[in-house]
Amino acid sequence: MSNILRKHRAAALVGAAIVLGAASLPFAISSYSTALAAPAETGGVLASNGSFASIVDADKPAVVTITTTMKATNASADSSPMDEQFRQFFEQQGIPLPHQAPQQQQQSQHAMALGSGFVISPDGVIVTNNHVIDNAIDIKVTLDDGTELPAKLLGADAKSDLAVLKIQAPHPLATIAWGDSDKLKLGDQILAIGNPFGIGTTVTAGIVSARGRDLHSGPYDDFIQIDAPINHGNSGGPLVDRDGNVVGINTAIYSPNGGSVGVGFAIPSSEAKTIVAKLQKDGSIDHGYLGVQIQPVTQDVADAVGLSKAEGALVATVSNEAPAAHAGVKTGDIVTAVGSESVKTPKDLSRLVADLSPGAKETLTVWRDGKTVDLNVTVGGNEDTQKQAAAESSDDQGQAAGQPSLGIGLADLTPDVRQQLNLPHNVAGAVVANVNPDKSAAAAGIQPGDVIVSVNDKPVHDARDVKTAVADAGKSGRKSVLLLIERGGNKTFVAVPFAAA
(Lines give C-alpha, C1' and ligand atoms only; values in the text may rest on other atoms or scores of the structure.)
Protein backbone atom coordinates (compact mmCIF):
# COMPACT_ATOMS: atom_id res chain seq x y z
CA MET A 1 0.00 0.00 0.00
CA SER A 2 2.92 2.25 -0.84
CA ASN A 3 0.69 4.91 -2.36
CA ILE A 4 -1.23 5.52 0.85
CA LEU A 5 -0.37 9.13 1.69
CA ARG A 6 0.94 8.78 5.21
CA LYS A 7 1.20 11.41 7.82
CA HIS A 8 4.79 12.60 7.51
CA ARG A 9 5.05 11.89 3.80
CA ALA A 10 1.74 13.33 2.69
CA ALA A 11 2.63 17.00 2.91
CA ALA A 12 2.55 18.82 -0.41
CA LEU A 13 4.24 22.20 -0.60
CA VAL A 14 2.10 24.78 -2.42
CA GLY A 15 4.01 28.05 -2.45
CA ALA A 16 4.73 28.57 1.23
CA ALA A 17 1.88 26.29 2.33
CA ILE A 18 2.13 22.59 3.10
CA VAL A 19 -1.10 20.75 2.32
CA LEU A 20 -1.54 17.57 4.34
CA GLY A 21 -3.45 14.36 3.84
CA ALA A 22 -2.39 11.28 5.77
CA ALA A 23 -3.10 7.80 7.13
CA SER A 24 -3.91 7.17 10.76
CA LEU A 25 -3.84 4.48 13.53
CA PRO A 26 -7.29 4.36 15.09
CA PHE A 27 -8.09 2.14 18.03
CA ALA A 28 -10.61 1.77 20.81
CA ILE A 29 -9.85 2.89 24.35
CA SER A 30 -11.75 2.98 27.62
CA SER A 31 -15.04 4.86 27.57
CA TYR A 32 -15.09 8.50 28.57
CA SER A 33 -17.89 11.05 28.43
CA THR A 34 -18.15 12.53 24.95
CA ALA A 35 -17.79 16.18 24.10
CA LEU A 36 -20.97 18.24 24.05
CA ALA A 37 -22.26 19.36 20.68
CA ALA A 38 -25.70 20.34 19.50
CA PRO A 39 -27.30 18.09 16.87
CA ALA A 40 -27.49 19.56 13.41
CA GLU A 41 -31.03 20.60 12.50
CA THR A 42 -31.39 18.99 9.09
CA GLY A 43 -34.65 17.11 9.41
CA GLY A 44 -32.85 13.78 9.05
CA VAL A 45 -33.72 13.29 5.38
CA LEU A 46 -32.80 14.77 2.04
CA ALA A 47 -35.02 17.38 0.46
CA SER A 48 -37.55 16.10 -2.04
CA ASN A 49 -35.26 17.17 -4.88
CA GLY A 50 -32.39 15.10 -3.49
CA SER A 51 -30.38 18.15 -2.37
CA PHE A 52 -27.91 18.09 0.52
CA ALA A 53 -28.36 21.84 1.02
CA SER A 54 -30.03 21.60 4.44
CA ILE A 55 -27.16 19.49 5.78
CA VAL A 56 -24.53 21.84 4.35
CA ASP A 57 -26.34 24.90 5.73
CA ALA A 58 -26.28 23.33 9.22
CA ASP A 59 -22.75 21.89 9.20
CA LYS A 60 -20.58 24.17 7.08
CA PRO A 61 -20.44 26.98 9.69
CA ALA A 62 -18.83 24.52 12.14
CA VAL A 63 -16.03 23.47 9.77
CA VAL A 64 -12.75 25.36 10.13
CA THR A 65 -9.44 25.69 8.35
CA ILE A 66 -6.32 25.04 10.42
CA THR A 67 -3.03 26.66 9.48
CA THR A 68 0.16 25.80 11.33
CA THR A 69 3.68 27.12 11.27
CA MET A 70 6.42 24.53 11.54
CA LYS A 71 10.07 24.09 10.82
CA ALA A 72 10.41 23.50 7.11
CA THR A 73 13.64 21.52 6.95
CA ASN A 74 12.26 17.98 6.68
CA ALA A 75 8.85 18.83 5.27
CA SER A 76 10.18 20.70 2.28
CA ALA A 77 12.60 17.91 1.43
CA ASP A 78 9.91 15.23 1.62
CA SER A 79 7.33 17.25 -0.24
CA SER A 80 9.11 18.59 -3.31
CA PRO A 81 7.77 15.91 -5.72
CA MET A 82 4.22 16.62 -4.57
CA ASP A 83 4.93 20.34 -4.84
CA GLU A 84 5.46 19.97 -8.57
CA GLN A 85 2.28 17.87 -8.97
CA PHE A 86 0.16 20.51 -7.27
CA ARG A 87 1.76 23.32 -9.24
CA GLN A 88 0.83 21.46 -12.45
CA PHE A 89 -2.71 20.91 -11.14
CA PHE A 90 -3.33 24.59 -10.48
CA GLU A 91 -1.69 25.67 -13.71
CA GLN A 92 -3.90 23.27 -15.72
CA GLN A 93 -7.01 24.61 -13.97
CA GLY A 94 -5.96 28.22 -14.40
CA ILE A 95 -6.11 28.72 -10.62
CA PRO A 96 -3.47 30.84 -8.86
CA LEU A 97 -1.36 28.94 -6.38
CA PRO A 98 -2.94 29.40 -2.93
CA HIS A 99 -0.90 31.11 -0.26
CA GLN A 100 1.97 31.60 -2.67
CA ALA A 101 4.76 33.52 -1.01
CA PRO A 102 7.69 35.50 -2.39
CA GLN A 103 10.78 33.48 -3.13
CA GLN A 104 12.65 34.80 -0.12
CA GLN A 105 9.87 33.55 2.18
CA GLN A 106 9.89 30.11 0.63
CA GLN A 107 13.49 29.76 1.64
CA SER A 108 12.84 30.69 5.29
CA GLN A 109 13.24 28.39 8.25
CA HIS A 110 9.47 27.90 8.54
CA ALA A 111 6.63 26.61 6.37
CA MET A 112 2.87 26.78 6.58
CA ALA A 113 0.79 23.60 6.84
CA LEU A 114 -2.90 23.39 6.03
CA GLY A 115 -5.70 21.12 7.23
CA SER A 116 -9.32 21.09 8.33
CA GLY A 117 -11.23 20.58 11.55
CA PHE A 118 -14.69 20.92 13.09
CA VAL A 119 -16.15 22.54 16.20
CA ILE A 120 -17.75 20.24 18.78
CA SER A 121 -18.36 22.74 21.57
CA PRO A 122 -19.77 26.30 21.37
CA ASP A 123 -16.86 27.60 23.47
CA GLY A 124 -14.35 26.68 20.75
CA VAL A 125 -13.23 23.05 21.13
CA ILE A 126 -12.08 21.74 17.75
CA VAL A 127 -11.22 18.24 16.50
CA THR A 128 -8.65 17.54 13.79
CA ASN A 129 -5.95 15.03 12.83
CA ASN A 130 -2.72 14.89 14.78
CA HIS A 131 -0.69 15.08 11.59
CA VAL A 132 -2.28 18.46 10.79
CA ILE A 133 -0.68 20.03 13.87
CA ASP A 134 2.29 17.70 14.42
CA ASN A 135 5.52 19.60 15.19
CA ALA A 136 3.71 22.94 14.91
CA ILE A 137 5.17 25.96 16.66
CA ASP A 138 2.09 28.09 15.97
CA ILE A 139 -1.54 27.12 15.22
CA LYS A 140 -4.25 29.36 13.78
CA VAL A 141 -7.88 28.56 13.07
CA THR A 142 -9.97 30.30 10.43
CA LEU A 143 -13.71 30.14 11.03
CA ASP A 144 -16.27 29.83 8.26
CA ASP A 145 -16.90 33.59 8.38
CA GLY A 146 -13.21 34.30 7.78
CA THR A 147 -12.30 35.16 11.38
CA GLU A 148 -8.75 33.99 12.17
CA LEU A 149 -7.93 33.10 15.78
CA PRO A 150 -4.91 31.62 17.56
CA ALA A 151 -5.44 28.08 18.83
CA LYS A 152 -4.11 26.20 21.82
CA LEU A 153 -3.37 22.48 21.64
CA LEU A 154 -5.38 20.70 24.34
CA GLY A 155 -4.13 17.24 23.48
CA ALA A 156 -2.86 15.02 20.70
CA ASP A 157 -2.24 11.35 20.12
CA ALA A 158 -0.02 10.21 17.29
CA LYS A 159 -1.18 6.60 17.39
CA SER A 160 -4.81 7.48 16.77
CA ASP A 161 -3.88 10.51 14.62
CA LEU A 162 -6.29 12.72 16.54
CA ALA A 163 -5.85 16.14 18.13
CA VAL A 164 -8.03 18.59 20.05
CA LEU A 165 -7.62 22.37 19.83
CA LYS A 166 -9.18 25.27 21.77
CA ILE A 167 -9.83 28.80 20.59
CA GLN A 168 -11.18 31.78 22.51
CA ALA A 169 -14.30 32.41 20.49
CA PRO A 170 -15.80 35.94 20.46
CA HIS A 171 -19.28 34.38 20.53
CA PRO A 172 -20.83 30.90 20.81
CA LEU A 173 -19.85 28.89 17.77
CA ALA A 174 -21.85 26.60 15.52
CA THR A 175 -21.13 22.94 16.26
CA ILE A 176 -21.51 19.48 14.76
CA ALA A 177 -22.68 16.55 16.89
CA TRP A 178 -21.13 13.10 16.93
CA GLY A 179 -23.04 10.46 15.01
CA ASP A 180 -22.92 6.68 15.30
CA SER A 181 -20.52 5.20 12.76
CA ASP A 182 -21.48 1.69 13.89
CA LYS A 183 -24.82 2.17 12.14
CA LEU A 184 -23.25 2.95 8.77
CA LYS A 185 -23.91 0.41 6.05
CA LEU A 186 -22.30 -0.07 2.68
CA GLY A 187 -24.01 2.22 0.21
CA ASP A 188 -25.09 4.82 2.79
CA GLN A 189 -24.74 8.41 1.59
CA ILE A 190 -22.15 10.63 3.25
CA LEU A 191 -20.68 14.12 2.82
CA ALA A 192 -17.04 15.18 3.27
CA ILE A 193 -16.40 18.79 4.24
CA GLY A 194 -12.99 20.46 4.33
CA ASN A 195 -10.55 22.81 2.64
CA PRO A 196 -8.76 20.90 -0.16
CA PHE A 197 -5.64 22.56 -1.59
CA GLY A 198 -6.42 25.68 0.47
CA ILE A 199 -8.96 26.93 -2.07
CA GLY A 200 -11.78 27.24 0.49
CA THR A 201 -14.36 25.12 2.27
CA THR A 202 -15.63 22.46 -0.11
CA VAL A 203 -18.38 19.85 0.15
CA THR A 204 -18.26 16.54 -1.71
CA ALA A 205 -20.77 13.68 -1.67
CA GLY A 206 -20.46 9.94 -1.99
CA ILE A 207 -21.25 6.65 -0.34
CA VAL A 208 -19.70 4.29 2.16
CA SER A 209 -17.65 1.95 -0.04
CA ALA A 210 -16.34 -0.41 2.65
CA ARG A 211 -15.94 -0.83 6.39
CA GLY A 212 -13.04 -2.03 8.51
CA ARG A 213 -10.31 -1.24 6.00
CA ASP A 214 -6.80 -2.11 7.16
CA LEU A 215 -4.19 0.01 5.36
CA HIS A 216 -1.32 -1.76 7.15
CA SER A 217 -0.28 1.58 8.58
CA GLY A 218 -0.50 0.27 12.13
CA PRO A 219 -2.18 -2.24 14.41
CA TYR A 220 -5.36 -0.21 14.91
CA ASP A 221 -6.59 0.28 11.35
CA ASP A 222 -10.38 0.20 11.07
CA PHE A 223 -11.12 2.80 8.41
CA ILE A 224 -14.38 3.72 6.73
CA GLN A 225 -13.70 3.75 2.99
CA ILE A 226 -15.58 6.38 0.99
CA ASP A 227 -15.77 7.46 -2.64
CA ALA A 228 -16.51 11.12 -1.87
CA PRO A 229 -13.50 13.05 -3.23
CA ILE A 230 -11.09 14.19 -0.52
CA ASN A 231 -7.70 15.72 -1.18
CA HIS A 232 -4.76 17.34 0.58
CA GLY A 233 -6.18 19.83 3.04
CA ASN A 234 -9.26 17.73 3.83
CA SER A 235 -7.43 16.00 6.67
CA GLY A 236 -9.24 16.52 9.97
CA GLY A 237 -12.49 17.56 8.34
CA PRO A 238 -15.80 15.87 9.18
CA LEU A 239 -17.47 13.03 7.35
CA VAL A 240 -21.21 13.47 8.00
CA ASP A 241 -24.25 11.29 7.47
CA ARG A 242 -27.69 12.22 6.16
CA ASP A 243 -28.60 13.54 9.61
CA GLY A 244 -25.67 15.94 9.43
CA ASN A 245 -23.80 14.25 12.29
CA VAL A 246 -20.11 13.33 12.29
CA VAL A 247 -19.59 9.65 11.53
CA GLY A 248 -15.92 9.92 10.62
CA ILE A 249 -12.84 12.12 10.41
CA ASN A 250 -11.35 12.36 6.93
CA THR A 251 -7.76 11.21 7.22
CA ALA A 252 -6.23 9.41 4.25
CA ILE A 253 -6.42 8.84 0.52
CA TYR A 254 -5.13 6.16 -1.79
CA SER A 255 -3.82 7.71 -4.96
CA PRO A 256 -1.34 6.95 -7.74
CA ASN A 257 -1.06 10.62 -8.65
CA GLY A 258 -1.45 12.66 -5.46
CA GLY A 259 -5.07 13.59 -6.08
CA SER A 260 -8.41 11.98 -5.36
CA VAL A 261 -9.33 8.87 -7.32
CA GLY A 262 -12.40 8.10 -5.24
CA VAL A 263 -10.67 6.05 -2.57
CA GLY A 264 -10.63 7.89 0.74
CA PHE A 265 -10.52 6.78 4.36
CA ALA A 266 -11.97 8.16 7.58
CA ILE A 267 -11.54 7.33 11.27
CA PRO A 268 -14.90 6.03 12.60
CA SER A 269 -16.65 8.35 15.04
CA SER A 270 -17.36 5.45 17.39
CA GLU A 271 -13.63 5.26 18.07
CA ALA A 272 -12.70 8.91 17.65
CA LYS A 273 -15.17 10.44 20.11
CA THR A 274 -13.87 8.50 23.12
CA ILE A 275 -10.29 9.40 22.26
CA VAL A 276 -11.23 13.05 21.77
CA ALA A 277 -12.98 13.14 25.14
CA LYS A 278 -9.91 11.69 26.87
CA LEU A 279 -7.61 14.17 25.11
CA GLN A 280 -9.86 16.99 26.31
CA LYS A 281 -9.62 15.67 29.84
CA ASP A 282 -6.00 14.53 30.13
CA GLY A 283 -4.18 16.00 27.11
CA SER A 284 -2.60 12.68 26.16
CA ILE A 285 -3.16 8.95 26.11
CA ASP A 286 -0.88 6.37 27.71
CA HIS A 287 -1.02 3.17 25.69
CA GLY A 288 -0.17 -0.17 27.21
CA TYR A 289 2.50 -2.35 25.66
CA LEU A 290 3.84 -5.85 26.05
CA GLY A 291 7.04 -5.72 24.06
CA VAL A 292 6.37 -8.46 21.53
CA GLN A 293 6.17 -8.90 17.78
CA ILE A 294 3.24 -11.04 16.69
CA GLN A 295 1.91 -12.65 13.55
CA PRO A 296 -1.26 -14.47 12.50
CA VAL A 297 -1.96 -18.10 13.30
CA THR A 298 -2.57 -19.86 10.01
CA GLN A 299 -4.17 -23.26 9.74
CA ASP A 300 -0.74 -24.75 9.06
CA VAL A 301 0.61 -23.14 12.25
CA ALA A 302 -2.37 -24.41 14.23
CA ASP A 303 -1.85 -27.93 12.88
CA ALA A 304 1.85 -27.77 13.70
CA VAL A 305 1.31 -26.86 17.36
CA GLY A 306 -1.82 -28.93 17.93
CA LEU A 307 -4.22 -26.00 18.24
CA SER A 308 -7.81 -26.88 17.33
CA LYS A 309 -8.56 -23.54 15.60
CA ALA A 310 -6.42 -21.13 13.60
CA GLU A 311 -6.91 -18.32 16.11
CA GLY A 312 -4.71 -16.23 18.37
CA ALA A 313 -1.52 -14.21 18.00
CA LEU A 314 1.76 -16.04 17.46
CA VAL A 315 4.68 -14.47 19.33
CA ALA A 316 7.62 -14.11 16.95
CA THR A 317 9.89 -12.00 19.15
CA VAL A 318 9.96 -10.95 22.81
CA SER A 319 11.91 -7.78 23.56
CA ASN A 320 14.52 -7.99 26.30
CA GLU A 321 13.39 -6.59 29.65
CA ALA A 322 9.90 -5.93 28.25
CA PRO A 323 6.75 -6.65 30.31
CA ALA A 324 6.12 -9.77 28.24
CA ALA A 325 9.61 -11.07 28.99
CA HIS A 326 9.18 -10.46 32.72
CA ALA A 327 5.86 -12.32 32.60
CA GLY A 328 7.50 -15.36 31.02
CA VAL A 329 6.14 -15.02 27.50
CA LYS A 330 8.29 -17.03 25.09
CA THR A 331 8.88 -16.98 21.38
CA GLY A 332 6.46 -19.49 19.89
CA ASP A 333 3.68 -18.88 22.42
CA ILE A 334 0.25 -18.27 20.93
CA VAL A 335 -1.70 -15.67 22.90
CA THR A 336 -5.36 -16.73 22.99
CA ALA A 337 -6.77 -14.35 25.60
CA VAL A 338 -6.11 -11.19 27.60
CA GLY A 339 -8.05 -11.44 30.83
CA SER A 340 -11.58 -12.49 29.92
CA GLU A 341 -11.28 -11.22 26.33
CA SER A 342 -10.44 -13.76 23.65
CA VAL A 343 -7.73 -13.10 21.07
CA LYS A 344 -8.57 -14.41 17.61
CA THR A 345 -6.22 -12.25 15.54
CA PRO A 346 -3.04 -10.23 16.12
CA LYS A 347 -5.12 -7.07 15.81
CA ASP A 348 -7.28 -8.23 18.72
CA LEU A 349 -4.20 -8.47 20.91
CA SER A 350 -2.91 -5.08 19.78
CA ARG A 351 -6.18 -3.36 20.62
CA LEU A 352 -6.59 -5.12 23.94
CA VAL A 353 -3.05 -4.14 24.92
CA ALA A 354 -3.66 -0.54 23.87
CA ASP A 355 -6.78 -0.45 26.07
CA LEU A 356 -4.80 -1.36 29.17
CA SER A 357 -3.33 1.35 31.38
CA PRO A 358 0.39 1.27 32.15
CA GLY A 359 0.90 -0.52 35.44
CA ALA A 360 -2.25 -2.59 35.10
CA LYS A 361 -1.96 -6.25 36.05
CA GLU A 362 -3.57 -8.72 33.66
CA THR A 363 -3.58 -12.40 32.80
CA LEU A 364 -2.31 -13.58 29.44
CA THR A 365 -3.52 -16.99 28.27
CA VAL A 366 -1.09 -18.68 25.90
CA TRP A 367 -0.93 -22.00 24.06
CA ARG A 368 2.43 -23.65 24.75
CA ASP A 369 3.63 -27.23 24.28
CA GLY A 370 0.13 -28.47 23.53
CA LYS A 371 -1.60 -26.97 26.57
CA THR A 372 -2.99 -23.71 27.93
CA VAL A 373 -0.80 -21.64 30.27
CA ASP A 374 -1.82 -18.53 32.21
CA LEU A 375 0.80 -15.82 32.74
CA ASN A 376 0.55 -12.76 34.96
CA VAL A 377 1.81 -9.59 33.29
CA THR A 378 2.24 -6.02 34.48
CA VAL A 379 1.52 -3.81 31.47
CA GLY A 380 4.15 -1.27 30.49
CA GLY A 381 3.73 2.30 29.26
CA ASN A 382 3.96 2.96 25.56
CA GLU A 383 6.76 5.51 25.60
CA ASP A 384 8.43 4.00 22.56
CA THR A 385 6.27 3.22 19.55
CA GLN A 386 8.47 0.26 18.75
CA LYS A 387 7.47 -1.35 22.05
CA GLN A 388 3.78 -1.50 21.19
CA ALA A 389 2.54 -5.00 20.46
CA ALA A 390 2.19 -4.86 16.67
CA ALA A 391 1.22 -7.35 14.04
CA GLU A 392 3.87 -8.09 11.46
CA SER A 393 2.91 -7.35 7.89
CA SER A 394 2.26 -10.30 5.63
CA ASP A 395 5.27 -9.24 3.57
CA ASP A 396 7.54 -10.21 6.46
CA GLN A 397 6.18 -13.70 7.01
CA GLY A 398 7.22 -15.82 4.08
CA GLN A 399 9.96 -18.06 5.42
CA ALA A 400 10.45 -21.69 6.53
CA ALA A 401 12.77 -24.64 6.41
CA GLY A 402 13.23 -28.24 7.43
CA GLN A 403 14.76 -31.40 6.01
CA PRO A 404 14.78 -32.92 2.51
CA SER A 405 11.19 -34.17 2.94
CA LEU A 406 10.18 -30.53 3.09
CA GLY A 407 12.12 -29.73 -0.04
CA ILE A 408 15.32 -28.29 1.41
CA GLY A 409 18.91 -29.26 1.99
CA LEU A 410 20.57 -28.40 5.31
CA ALA A 411 24.10 -27.70 6.51
CA ASP A 412 25.69 -27.06 9.88
CA LEU A 413 26.78 -23.58 10.91
CA THR A 414 30.52 -23.78 10.38
CA PRO A 415 32.78 -20.79 11.13
CA ASP A 416 32.97 -20.03 7.40
CA VAL A 417 29.18 -20.08 7.08
CA ARG A 418 28.82 -17.83 10.11
CA GLN A 419 31.22 -15.36 8.59
CA GLN A 420 29.44 -15.38 5.23
CA LEU A 421 26.03 -14.84 6.89
CA ASN A 422 27.43 -12.43 9.47
CA LEU A 423 25.86 -14.47 12.27
CA PRO A 424 26.64 -13.81 15.93
CA HIS A 425 28.31 -16.66 17.82
CA ASN A 426 25.26 -17.11 20.06
CA VAL A 427 23.01 -18.08 17.13
CA ALA A 428 22.60 -21.85 16.88
CA GLY A 429 20.78 -23.89 14.27
CA ALA A 430 21.12 -25.17 10.72
CA VAL A 431 21.49 -23.20 7.51
CA VAL A 432 19.35 -23.86 4.43
CA ALA A 433 21.79 -24.87 1.69
CA ASN A 434 19.27 -25.34 -1.14
CA VAL A 435 15.52 -25.25 -1.77
CA ASN A 436 13.51 -27.43 -4.16
CA PRO A 437 11.26 -24.96 -6.03
CA ASP A 438 8.49 -27.56 -6.34
CA LYS A 439 8.22 -28.39 -2.63
CA SER A 440 6.37 -26.85 0.30
CA ALA A 441 9.34 -25.00 1.78
CA ALA A 442 9.75 -23.00 -1.42
CA ALA A 443 6.04 -22.21 -1.43
CA ALA A 444 6.44 -20.92 2.14
CA GLY A 445 9.22 -18.58 0.99
CA ILE A 446 12.28 -20.36 2.34
CA GLN A 447 15.55 -19.20 0.78
CA PRO A 448 19.08 -20.49 0.77
CA GLY A 449 20.92 -18.83 3.63
CA ASP A 450 17.97 -18.90 6.01
CA VAL A 451 18.89 -20.26 9.44
CA ILE A 452 16.49 -22.60 11.27
CA VAL A 453 16.83 -21.92 15.01
CA SER A 454 13.90 -23.97 16.32
CA VAL A 455 11.41 -26.64 15.23
CA ASN A 456 8.01 -26.73 16.94
CA ASP A 457 9.37 -24.39 19.64
CA LYS A 458 12.33 -26.71 20.35
CA PRO A 459 15.77 -25.12 19.86
CA VAL A 460 18.03 -26.90 17.37
CA HIS A 461 21.81 -26.77 17.18
CA ASP A 462 22.64 -28.41 13.86
CA ALA A 463 21.18 -30.04 10.76
CA ARG A 464 20.73 -33.39 12.52
CA ASP A 465 18.59 -31.76 15.23
CA VAL A 466 16.34 -30.24 12.57
CA LYS A 467 15.88 -33.53 10.73
CA THR A 468 15.13 -35.37 13.97
CA ALA A 469 12.61 -32.77 15.11
CA VAL A 470 10.82 -32.79 11.75
CA ALA A 471 10.69 -36.58 11.73
CA ASP A 472 9.28 -36.60 15.29
CA ALA A 473 6.57 -34.13 14.27
CA GLY A 474 5.58 -36.38 11.39
CA LYS A 475 5.46 -39.45 13.61
CA SER A 476 3.21 -37.63 16.12
CA GLY A 477 0.59 -37.18 13.42
CA ARG A 478 0.93 -33.46 12.94
CA LYS A 479 0.03 -32.07 9.54
CA SER A 480 2.78 -29.45 9.45
CA VAL A 481 5.93 -28.35 11.19
CA LEU A 482 6.52 -24.92 12.75
CA LEU A 483 9.93 -23.45 12.09
CA LEU A 484 11.58 -20.34 13.50
CA ILE A 485 13.77 -18.80 10.83
CA GLU A 486 16.45 -16.14 11.19
CA ARG A 487 17.14 -14.02 8.13
CA GLY A 488 18.99 -10.75 8.07
CA GLY A 489 18.84 -10.42 11.83
CA ASN A 490 15.05 -10.89 11.99
CA LYS A 491 13.21 -13.95 13.25
CA THR A 492 9.89 -15.18 11.86
CA PHE A 493 7.76 -18.28 12.36
CA VAL A 494 6.69 -20.25 9.30
CA ALA A 495 4.60 -23.40 9.15
CA VAL A 496 5.38 -25.92 6.41
CA PRO A 497 2.68 -28.55 5.75
CA PHE A 498 3.82 -32.13 5.33
CA ALA A 499 1.08 -32.79 2.79
CA ALA A 500 2.68 -30.37 0.36
CA ALA A 501 6.19 -31.75 0.78
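Everything numeric here is computed off the predicted structure, so don't read it as measured data. Position numbers for residues start from 1 in each chain and track the written sequence from start to end. Local features are withheld for residues below a pLDDT of 70 in this predicted model, meaning they are given only at 70 or higher, and side-chain atom pairs are given and counted only at 80 or more; totals for whole chains, interfaces and linings count all residues. Side-chain metrics rest on all non-hydrogen atoms present in the structure, leaving aside hydrogens and water.

**Points about the overall build of the protein**
Helix and strand counts for the protein stand at 11 helices and 29 strands. Contacts: residue pairs with any heavy atoms within 4.5 Å of one another. Across the protein, contacts joining residues at least 24 apart in sequence account for 67% of those joining residues at least 6 apart. About 21,500 Å² of surface is accessible on the protein, with carbon and sulfur atoms providing 47% of the total. Each helix is a run of DSSP H or I of at least 4 residues and each strand a run of E of at least 2, with the numbering of both proceeding from the N terminus. In short, Shrake-Rupley with a 1.4 Å probe defines the accessible areas, and a residue's cover is counted only from the protein chains shown.

**Quick notes on the sheet that holds strand E9 (residues 189-194)**
Strands were regarded as paired on the criterion that DSSP finds at least two bridges between them. Pairing within the closed barrel is antiparallel, and its 6 strands lie in the order E9-E10-E11-E14-E13-E12. For this sheet, the mean inter-axis angle between neighbouring strands, taken without regard to orientation, is 45°. Looking at chain direction, strand E11 (residues 223-226) and strand E14 (residues 264-268) are connected through 3 bridges and run antiparallel. The residue bridging Ile226 from the neighbouring strand is Gly264, located in E14. Axis angles are defined between N-to-C directions and span 0 to 180 degrees, where every axis is a line fitted to C-alpha atoms and, for a helix, only to the segment in contact. In the packing of helix H5 (residues 269-282) onto the sheet, the strands contacted are strand E13 (246-253) and E14, and the crossing angle to E14 comes to about 55°.

**Observations regarding the confidence of the model for the protein**
pLDDT measures the predictor's confidence residue by residue and takes values from 0 up to 100. Overall, the prediction assigns the protein a mean pLDDT of 78, with 76% of residues at 70 or greater. Throughout residues 98-107 the model reports pLDDT below 50, and contacts reaching past four residues in sequence, or to other chains, amount to 17 contacts. Within the model, pLDDT remains below 50 along residues 384-404, and this stretch shows 76 contacts once partners closer than five positions in the same chain are excluded.

**Some details on the packing of aromatic side chains**
Classification of ring pairs rests on two measures: the distance between centres of Phe, Tyr or Trp rings, Trp counted by its six-membered ring, which must be within 6.5 Å, and the angle between planes, read as stacked under 30 degrees, edge-to-face over 60 and tilted in between. By the definition in use, this model includes 2 aromatic pairs. Centre to centre, the rings of Phe223 and Phe265 are 5.9 Å apart; their planes meet at 65°, and the pair counts as edge-to-face. A residue pair is termed long-range when its members are at least 10 positions apart, and Phe223 in strand E11 and Phe265 in strand E14 qualify at 42 residues. With respect to burial, Phe223 and Phe265 carry one shared label: buried. Throughout, exposure labels follow a simple rule: accessible area from a 1.4 Å probe, protein chains only, divided by the maximum for the residue type, with under 20% read as buried, over 50% as exposed, and the rest as partly exposed.

**A word on the nonpolar core**
What makes a nonpolar core is a set of buried Ala, Val, Leu, Ile, Met, Phe, Trp, Tyr and Cys residues whose side-chain atoms join them at distances within 4.5 Å. Grouped together as the largest cluster of nonpolar side chains are 43 residues, with contacts concentrated most on Ile66 and Val141. A per-element tally of this core places strand E8 (residues 162-167) first, with 5 residues. Ranked by size, the runner-up nonpolar core spans 22 residues in total, among them Ile294, Ala327, Val343 and Val353.

**Some remarks on H5**
Multiplying one less than the number of residues by 1.5 Å gives the expected span of a helix. When the terminal C-alpha atoms of H5 are compared, their 19 Å separation across 14 residues agrees well with the 20 Å that a helix rising 1.5 Å per residue should span. In the stretch just after H5, Gly283 is the one whose phi turns positive, near 85°.

**Section: unusual backbone geometry**
One non-glycine residue, Phe197, lies in the positive phi region at around 60°. Along the polypeptide, Phe197 turns up in the loop between E9 and strand E10 (202-213). Given the relative accessible area of 7%, Phe197 is considered buried. The backbone of Asn456 shows a phi angle near 50°, a positive value even though the residue is not glycine. Here Asn456 shows up in the loop between strand E26 (451-455) and strand E27 (458-459). Among the residues examined, Asn456 registers a relative accessible area of 13% and is labelled buried.

**A word on the pairing of strand E18 (residues 334-338)**
Looking down a regular strand, the side chains alternate between one sheet face and the other. For E18, the tally of buried residues reaches 4 of 5 residues, placing the bulk of the element in the interior. Bridging between strand E17 (residues 313-318) and E18 involves 2 bridges; their strand directions are antiparallel. The partner of Leu314 across the bridge, within E18, is Ile334. Sheet analysis places E18 next to strand E20 (residues 361-368), joined by 4 bridges and oriented antiparallel. Bridge pairing in E20 links Ala337 to Thr365. The turn linking E18 back onto strand E19 (residues 341-342) is made up of 2 residues, and Gly339 within it adopts a positive phi angle of 60°.

**Digging into the pairing of strand E29 (residues 490-497)**
Across the 8 residues that make up E29, a large majority, 6, are buried. In this sheet, E29 lies alongside strand E28 (residues 480-487) in antiparallel orientation, the contact comprising 8 bridges. Looking at the pairing, Leu483 lines up with Val494 of E29. Between E28 and E29, which follow one another and run antiparallel, lie 2 residues, and Gly488 among them has a positive phi close to 60°.

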